[in-house]
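Geometric and topological summary
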Amino acid sequence: MSGFDVVARIVWTDGSISRLTSANIGVYLPADGVEDVDGAYYTCFPGLGPIPALKQTINGVSDEVSFTLPGVPSDIAEMFDVEADLAEGAEVFIGRVTYDHKLQMIGGATWIWNGEAGEFGARDSGGSMEDGELSSGSQTLSLKVGSQQITRSSSQLYSWSDAQHRQLHPTDAFFSEIGGLEQGSVKVFPKF
């Protein structure tokens, strides 16, 4: 019998990295195209298990999924909420590790999806009655992550001078006439 576990690598906006796996024990992964540390330890985090359906998108199409973690005690959820600003813009990589019939890991991780984190949320899941008293509730944490994140702003406009272009291409005089062009003028090309 063989199997697999999910691994998640999150690079928060302050540069710190979280490495999590759905395995019951942590795993060490070799360096590859995503993981830059050889022998990086991925911490056991069984709550990572319910991963939403992930789509491979092409041609600039964006897909947004929401990762949720239910049943988090309120005091721990508060710690996440305090640092919620680190989530927006974080890089999220989702992969899987495969095991053989002896439950030995085969190779490293196969990275299957990556995206950019957006909105972080915490929702109260309510408390329960224990010994006639209402216990403090738990919370469900969620993090929206989009693949091929689309920004709503226009691209920046760039203007190159002849000197800037010649630093890269010393013999190319393509930009030598740019200074003569102005908005609203019409460039007349020679007729041959």
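Our subject is the structure that appears above.
Residue numbers here run from 1 along each chain, matching the order of that chain's written sequence. In keeping with the predicted nature of the model, local features appear solely for residues at pLDDT of at least 70, side-chain atom pairs appear and are counted solely at 80 or more, and the whole-chain, interface and lining totals rest on all residues. By convention in this description, side-chain values take in all heavy atoms of the structure and omit both hydrogens and water.

Things to note about the packing of aromatic side chains
Aromatic rings from Phe, Tyr and Trp, taking only the six-membered ring of Trp, are treated as a pair when their centres fall within 6.5 Å; an angle between ring planes under 30 degrees marks them as stacked, one over 60 as edge-to-face, and anything in between as tilted. The full count for this structure, using the stated rule, is 3 aromatic pairs. Relative to W111, the ring of Y42 lies with its centre 6.5 Å away and its plane at 45°, an arrangement referred to as tilted. Placement of the pair is Y42 in strand 4 (residues 40-44) and W111 in strand 7 (residues 105-126), with a sequence separation of 69 residues. With 6.5 Å between their ring centres and 75° between their planes, F93 and W111 make a pair best called edge-to-face. Taken together, the positions of F93 in strand 6 (residues 91-99) and W111 in strand 7 put the pair 18 residues apart, joining distant regions of the chain. What makes F93 buried here is its relative accessible area of 12%. One aromatic cluster in this structure is built from Y42, F93 and W111. In this scheme, Lys NZ or Arg CZ marks a charge over a ring once it lies within 6 Å of the ring centre and within 35 degrees of the ring normal. Lying over the aromatic face of F4, R96 brings its terminal NZ or CZ to 4.1 Å of the ring centre. Helical segments are the DSSP runs of H or I of at least four residues, strand segments are the runs of E of at least two, and each set is numbered from the N terminus. Burial classes follow relative accessibility: with a 1.4 Å probe on protein chains only, a residue under 20% of its type's maximum area counts as buried, one over 50% as exposed, and anything between as partly exposed.

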